[in-house]
Amino acid sequence: MHKQGLQSLLVLSLYISSFTLPTTHSTTTTNLPQQFKEAPEFYNSPNCRSIINNHETETEDDDNNNDNNNNDIISICSEEAVHVAMTLDATYLRGSMAAILSVLQHSFCPQNIIFHFITSAASSASASANASSLLRATVSASFPYLKFEIYPFSDSVVTGLISTSIRSALDCPLNYARTYLANILPLCVPKVVYLDSDVVLVDDIAKLAATPLGGDAVLAAPEYCEANFTAYFTPAFWSNPSLSLTFANRKPCYFNTGVMVIDLDRWRAGDYTTKIEEWMELQKRMRIYNLGSLPPFLLVFAGNIVPVDHRWNQHGLGGDNFRGLCRNLHPGPVSLLHWSGKGKPWARLDASRPCPLDALWAPYDLLKPPFSFDS
């Protein structure tokens with residue numbers, strides 16, 4: 001979708017939102033359970049190949065539970081499947097639901113998409129199971145036909161490695177789950193598209209998933225070489241020759257970890273989780289960066305990734321990390337809108353202080369208005 005078409009959609013969305021967007025402030029709904037509308041079902045185009053094994057009905061005489069498990073494994077391991085990984089928690093659930101809807105709505109083969117949701121595991125097994133069941137029920141209620149798996153991620157894996165950053169939200173252990181995808185997802189999943197919860201797609205995600213990772217590249221992501229790369233690390237890092245020489249044989253550029261295509265087989269073979277953890281351990285001993293989970297990725301991968309067209313990350317729509325000021329679209333075509341930064345569209349809409357581009361997120365919002373009555 002080109003910028004001119006997107007601007008037309010923006011004008012239309014602004015007009016519609018003036019009649020349909022809830023004006024209730026977030027303080028009114030904070031203590032209310034979030035309830036979401038059911039999304040329409042989306043079907044594959046005629047030329048899409050099924051990810052379900054054609055011989056699955058041959059096992060009808062087997063135990064039903066075994067049948068279901070076998071079918072799930074066949075779906076997940078299918079070469080035709082497009083795998084999408086996201087974190088899922090109560091704080092950003094509304095954004096996640098909108099992101100899921102946008103992915104399905106703009107896909108030519110939506111039934112071939114398998115979502116992998118990483119959730120925070122509670123301190124007790126029973127509490128973790130209840131939270132996981134609640135999230136599963138919420139997603140299933142809005143997307144009854146969605147193919148997805150939920151994986152608990154224990155905070156204890158990273159709590160001892162996390163250093164405080166410039167924004168407390170960046171210190172959430174679940175933000176670091178992307179580092180462990182190769183350990184969490186099934187071994188038969190060779191490649192995954194990782195998405196943050198504050199994105200909306202307006203293009204087919206299969207195009208992004210098909211990004212060729214030639215040579216020995218482990219991941220692909222939108223790259224921004226015009227950004228001041230040195231600003232992502234402290235003077236202590238750059239003044240230490242043994243550290244700054246990390247980038248000696250590379251041409252490092254900032255890239256956004258909120259939209260990535262990851263070759264999980266190569267990640268596992270290179271043990272990149274350990275490499276990232278080693279930088280996090282060093283950060284605990286001497287402060288070498290100020291942000292959260294991004295800098296370790298830059299230290300390991302910057303200069304060695306496959307750059308993805310910027311259309312797949314119209315980022316910064318949440319504004320800066322301090323004031324959350326409104327921002328415009330970057331020049332060029334648009335396939336993915338990303339509200340990275342402090343401001344989130346659902347919070348600004350609820351507060352009746354939206355940025356203009358928040359109207360592009362609003363049509364994907366599945367939240368039921370408070371005090372609404374089911375027909």
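Residues numbered from 1 in each chain as written. Predicted model: local features only at pLDDT ≥ 70, side-chain atom pairs only at ≥ 80, totals over all residues. Heavy atoms only, no water.

- Identification of the chain as Hexosyltransferase from Rhododendron simsii is taken from an unreviewed UniProt entry.
- Of the comments in the UniProt record for the chain, the one headed Subcellular location (unreviewed entry) reads "Endomembrane system".
- If you open the UniProt record of the chain and go to Sequence similarities (unreviewed entry), you find "Belongs to the glycosyltransferase 8 family." (UniProt positions renumbered as here; feature names shortened; annotations may be inferred.)

## Here we look at the overall build of the chain
- A tally of regular secondary structure across the chain gives 13 helices and 10 strands.
- Residues classed as buried in the chain amount to 50% of the 375 residues present.
- Summed over its atoms, the accessible surface of the chain is roughly 18100 Å², and 53% of this surface lies on carbon and sulfur atoms. (Helix = DSSP H or I, 4+ residues; strand = E, 2+ residues; numbered from the N terminus. Buried < 20%, exposed > 50% of the residue type's maximum accessible area, 1.4 Å probe, protein only. Areas by Shrake-Rupley, 256 points an atom, 1.4 Å probe, with all protein chains shown as cover.)

## Observations concerning the pattern of salt bridges
- The final tally for this structure, using the stated rule, is nine salt bridges.
- The residue Asp350 makes a salt bridge to Arg94 at a minimum N-O spacing of 2.6 Å. In this pair, Asp350 sits in helix α13 (residues 345-350) while Arg94 sits in helix α4 (residues 93-105), placing the two residues 256 residues apart along the sequence.
- Note that Asp265 and Arg268 form a salt bridge whose closest N and O atoms lie 3.3 Å from each other. Taken together, the positions of Asp265 and Arg268, both in helix α10 (residues 264-270) and three residues apart, correspond to about one turn of that helix.
- Owing to a relative accessible area of 39%, Asp265 belongs among the partly exposed residues under this scheme.
- It is possible to trace a salt-bridge network through shared partners that takes in Arg94, Asp350 and Asp365. (Salt bridge = Lys/Arg side-chain N within 4 Å of Asp/Glu carboxyl O.)

## Looking at the pairing of strand β2 (residues 113-121)
- Burial runs high along β2: eight of the nine residues are buried.
- Pairing geometry for strand β1 (residues 82-87) and β2, over six bridges, is parallel. The residue of β2 that forms the bridge with Val82 is Ile113.
- Between the parallel pair β1 and β2, the chain is carried across by α4, and the sense of this crossover is right-handed.
- Note: β2 against strand β3 (residues 147-154), eight bridges, orientation parallel. Residue pairing across strands places Ile114 opposite Lys147, the latter belonging to β3. (Pairing = 2+ DSSP bridges. Right-handed = clockwise from strand over helix to strand, strands pointing away.)

## With respect to the state of the cysteines
- Enumeration according to the criterion identifies four disulfides in this entry.
- The disulfide bridge from Cys225 ends at Cys253, spanning 2.0 Å between sulfur atoms. Across the S-S bond of Cys225 and Cys253 the torsion is about 100 degrees, and the bridge reads as right-handed. Taken together, the residues span a long stretch of sequence, with Cys225 in the loop between β6 (219-224) and α8 (235-238) and Cys253 in the loop between α9 (241-244) and β7 (254-255) at a distance of 28 residues.
- Bonded cysteines in the chain are paired 1-3, 2-4, 5-6, 7-8 when counted in the order they occur along the chain. (Disulfide = S-S within 2.5 Å.)

## A look at the environment of Gln105
- Positionally, Gln105 belongs in helix α4.
- In this structure the C-alpha to C-alpha distance between Gln105 and Phe42, which are 63 residues apart in sequence, comes to 6.8 Å.
- Beyond its immediate chain neighbours, meaning those up to four positions away, Gln105 contacts Phe42 and Tyr364. (Contact = heavy atoms within 4.5 Å.)

## Things to note about the nonpolar core
- Phe115, Phe117, Phe143, Leu146, Leu195 and Ile205 are the most contacted members of the largest nonpolar core, which totals 56 residues.
- Among the elements that make up this core, the one with the highest residue count is α4 (eight residues).
- Once residues lying within four places of it in the same chain are set aside, the contact partners of Phe117 are Met86, Leu88, Ile100, Val139, Leu146, Phe148, Glu149, Ile150 and Tyr151.
- Counting residues in hydrophobic clusters, the runner-up holds 54 residues, among them Ile118, Phe153, Leu161 and Phe233. (Core = buried A, V, L, I, M, F, W, Y, C linked by side-chain atoms within 4.5 Å.)

## Description of the packing of aromatic side chains
- Enumeration according to the criterion identifies 20 aromatic pairs in this entry.
- Centroid distance Phe229 to Phe233: 5.6 Å. Interplanar angle 50 degrees. Geometry classified as tilted. For the pair Phe229 and Phe233, one class covers both residues: buried.
- Ring centres of Trp238 and Phe247 lie 6.1 Å apart, and the angle between their planes is 35 degrees; on these two criteria the pair is classed as tilted.
- Assessed through its relative accessible area of 28%, Trp238 is described here as partly exposed.
- Taking relative accessible area as the criterion, Phe247 reaches 6% and is therefore assigned buried.
- These aromatic residues form a ring-pair network of at least three members: Phe229, Phe233, Phe237, Trp238 and Phe247. (Phe/Tyr/Trp six-rings, centres within 6.5 Å; stacked < 30°, edge-to-face > 60°.)

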